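Close look at the chain arrangement
What follows is each chain in one-letter form.
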Amino acid sequence: MKAEIICSGFGGQGVLTIGKFLAQAAMKEGKNVSWLPSYGPEMRGGTANVSVVISDEEIASPLVSKPNILVALNQPSLDKFGPETQKGGVILVNTDMTPNKLPREDVDIVNAPMSSIAIECGSTKVLNMVSIGLVIGKTKIVKFETIEQDLKEFLELKNPQLLSANMEALKRGMDFFKE
Amino acid sequence: MQVIAQRPKSLMKIPFTYCPGCLHGIAHRLIAEAMDELDICDKTMGVAPVGCSVFAYKFFDCDMAEAAHGRAPAVATGMRRARPDMCVFTYQGDGDLAAIGTAEIVHSANRGENITVFFVNNAIYGMTGGQMAPTTLPSMKTSTSPYGRDVNDIGYPIKASELLATLEAPYYIERVSLLSPQEIIKAKKSVLNALKYNKENRGFTFVEFISTCPTNWGIEPVKSREWARENMLKFFEIGCFRDRSKDHEGGEK
Amino acid sequence: MAQKVLMKGNEAVAEAAIRAGCRLYFAYPITPQSELIEYMAKMMPKVNGTFIQAESEVAAINMIYGASGCGRRAMTSSSSPGISLKQEGISYIAGAKLPAVIVNVQRGGPGLGDIQPSQGDYFQATKGGGHGDYRVIVLAPNSVQEFADMAADAFDLADKYRNPVMILADGLLGQMMEPVEFKIAKTDQEIEELNKQHYDWCMRPNVDGEERHHHEINSLELDPNVLEKHVLSLNETYKKIEQNETSHEEYNINEDNEIFCVAFGTASRIVKSAITELKKKGHNVGLIRPRTVWPFPSEAINRAITGKVRKILVFELNLGQMVEDVQLSVNGKVPVDFMGRVGGIVFTPDEVIKKIQESL
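A brief report on the enclosed structure follows. Just so you know, these numbers come straight off a predicted model, no measurement behind them.

What counts as what
- Residues numbered from 1 in each chain as written.
- Chains lettered and ligands numbered in written order.
- Predicted model: local features only at pLDDT ≥ 70, side-chain atom pairs only at ≥ 80, totals over all residues.
- Heavy atoms only, no water.
- Contact = heavy atoms within 4.5 Å.
- Buried area = accessible area lost by both parts, 1.4 Å probe.
- Salt bridge = Lys/Arg side-chain N within 4 Å of Asp/Glu carboxyl O.
- Phe/Tyr/Trp six-rings, centres within 6.5 Å; stacked < 30°, edge-to-face > 60°.
- Helix = DSSP H or I, 4+ residues; strand = E, 2+ residues; numbered from the N terminus.
- Buried < 20%, exposed > 50% of the residue type's maximum accessible area, 1.4 Å probe, protein only.
- Axes fitted to C-alpha atoms, helices over the stretch in contact; angles between N-to-C directions.
- Parallel < 35°, antiparallel > 145°, perpendicular 65-115°, else oblique.
- Left-handed = near helix turned anticlockwise from the far one by under 90°.
- Polar contact = N/O pair within 3.5 Å; in protein donor to acceptor, adjacent residues only side chain to side chain.

**A few points about the interface of chain B and chain C**
Contacts between the two partners involve 35 residues from chain B and, on the opposite side, 32 residues from chain C. Of the roughly 2,700 Å² buried between chain B and chain C on both sides combined, carbon and sulfur atoms contribute 58%. Broken down residue by residue, the surface that chain B buries against chain C is led by D42(B), D63(B) and R83(B), which jointly contribute 22%. For the pair chain B and chain C, the number of links is 4 salt bridges. Salt-bridge contacts for D61(B) lead to R212(C); the nearest nitrogen and oxygen are separated by 2.6 Å.

**Here we look at the packing of aromatic side chains**
For the coordinates displayed, the defined rule picks out 19 aromatic pairs over all chains. Note on F21(A) and F154(A): the rings are 5.8 Å apart at their centroids and 90° apart in plane angle, and the pair reads as edge-to-face. With F21(A) in helix α1 (residues 15-28) and F154(A) in helix α5 (residues 144-158), this pair connects stretches of sequence that are 133 residues apart. Its relative accessible area of 6% is what places F21(A) among the buried residues. Owing to a relative accessible area of 37%, F154(A) belongs among the partly exposed residues under this scheme. Taking the centre distance of 5.9 Å and the plane angle of 35° together, the rings of F119(B) and F206(B) count as tilted.

**Section: the packing of α1(A) against helix α4 (residues 127-139) of chain A**
The description of two helices packed together rests on the angle between their axes and the distance between the axes. Residue and element names in this part refer to chain A. Viewed as axis vectors pointing N to C, α1 and α4 meet at an angle of 45°, and their least axial separation amounts to 9 Å. What the angle tells us is that α1 and α4 run oblique. Note that α1 runs across α4; the crossing there is right-handed. In this structure, α1 uses T17, I18, F21 and L22 to contact α4, whose residues at the interface are N128, M129, S131, I132, V135 and I136.

**With respect to the pattern of salt bridges**
For the structure on display, the rule yields 49 salt bridges over all chains. R212(C) is paired through a salt bridge with D42(B); the nearest N and O atoms lie 2.4 Å apart. With R212(C) in the loop between α8 (188-196) and β9 (216-217) and D42(B) in the loop between α1 (24-38) and β1 (44-48), the pair connects residues from two separate chains. R212(C) gets classed as partly exposed once you look at its relative accessible area, which sits at 39%.

**Describing the interface of chain C and chain A**
With 25 residues of chain C in contact, the opposing surface of chain A contributes 20 residues. Both sides of the chain C and chain A interface together cover about 1,800 Å² of buried area, and 67% of this is carbon and sulfur. Here chain C and chain A share 8 residue pairs in polar contact (both at pLDDT 80 or more) between them. Looking at the side of chain C that touches chain A, the elements with two or more residues in it are β1 (5-8), α7 (171-175), β8 (177-180), α10 (265-280) and α13 (349-357) of chain C.

**Structural notes on the side chain of S115(A)**
Mapped onto the elements of the fold, S115(A) is located in helix α3 (residues 114-120). With a relative accessible area of 11%, S115(A) lands in the buried category.

Right, here's the structure in full:
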């Protein structure tokens, strides 16, 4: 098993956090992981992306140029990484910010209004948790329980009042495939 | 027989290598006497500069480091932070402190590092053979200002004591002169103050010595002191620019 | 076994340095190493250590000179342009025989360049960098775990040989997060023991009951005969380091290799990916990864040149710097070819595969 993930969006949408939670959960489940952000001025307001590799084998290159899982939170991200996604890969698209569709038949595209779901959960700030819910709901790359535990540990230290909105967002993402 | 004068214990038993009439020896001696009187030599470390006093590490009896040109206050910072149980001093000339090492002196003073800086200002580069210093006086001729220091071209001499006194952190800043026995006695008091405050962990202390360079000025020793009195002291005023110990007593400055 | 944590290379190396007994850290902010200085700012006060954000990289390295001169484990870090500024101090530290650890999280150059990963400082790191005849031990990690492990190695080597040690990383290793497991932290008592091993030369108080000392930390010697002796004695140390401390890793090196690659740091990971892919297609390509780039693993490279080897390929994130050391090692026995990317661009496994396939 080897997941090569790119999460991409505007700076501030929380793409680095999406990657970090996925990598951390996979690490706790005994997988090899790497997390590599784009860094520099582009992060401040521009597009940001993170490459995450999750693998049973030792990870040689941490760079992902052709993902098999793409999380595209805005149009520039879909335009940039959509065509590079591996044949048969999964693309999770935030339809609220991508007016133009990706013209590909050979990938599994999940269209979800992620920003709207986040707002329904209480804040656009939980968009990243909606995305994580979608990723694990679709790919089962890590267990819901592992993410849930990490999220609780993280927020109980930092911002306990935000826990319920984040948990709801995570579940709404997961449940998207039941709806 | 009564001993009325002897080599300070804090000086190594080797002869100085300074030119005839040079005042570095006197500055060294004042520091060593003060170390003796405060009984701190065993718990003191010094930093020698690049310049005429480059061999100062051989002359003081305490442990010594030889710093790169201008970097003595940074080296002293590292030493004092590594050994907060010890007194640390630097000994620097005008090129070292006020030209190449401007950043280091300003920022160590601004941090209030618990170090003492002895600054010997003789308005010229001695070791490299008489080039213009940041403290060279207006119109003064040196080998790199052969037509005299042109203040419109290269600026005015830097008054290091006044400059550092604009900062909040320094505890003690004084300019003294080494031009006569009376002035040397006053200078000794200042050196003692600085090292006493250092021993008491009060913060950054700074003593500027107005000195001479008979060799590179091309003036014989006695006359060089008269020249310094007439020219340097007019520009570099003697005085205490900061003494925080007086703050608590309703202080004069 | 200690628990694994997911951490950036910049933070992992800082944590590992503290655990190795570093209690003095001086540096100036620069991308892409800023997480390192920030981590130190946060953690040093918690272990009663010293953190100073210096006025410049020049000041920072000279603070190291002072702290190391007192026999303490001290570290600074920067990225390429800042490391250039530190070269003066590194030369003095080497000349004065002081232990010190310097981390370089390399970025693209020359000049301001950019802030993306690069290996453009190989020459500077391995050939001296500052003025005079001296060497710096240079460790080249290729993972966050190794970046952290090398912090302890660096301090041990610096102490053992009284010589500066550089950890030559890059923006990718600094910014990347990977699982990392830390060694047990040294206790205050153990650190005190480490300090004491330097008491025969470092600056310290004169204590009653001990023989009086006058220690000088110095690189100045105006007598050419004495200075020559000093430089030759440094060179003897370098020879010992070459004999004892050269380190490398081999991947898929075997007697049937017709081609093998040489790459270090980040580049070696990409090459390893490429070799793994080629293996699946039935191609037998090896990799030698120097862990120390000075001293350089010349012998290992020579040993790998068995009868069947007809070419060596060197991959670097520069325009060919280590390739010169490979050529010197090989000494014309087989051709040495090179591929590199610069400007902060990291080649992809596909690019490397393509380059290797040209020679298959």
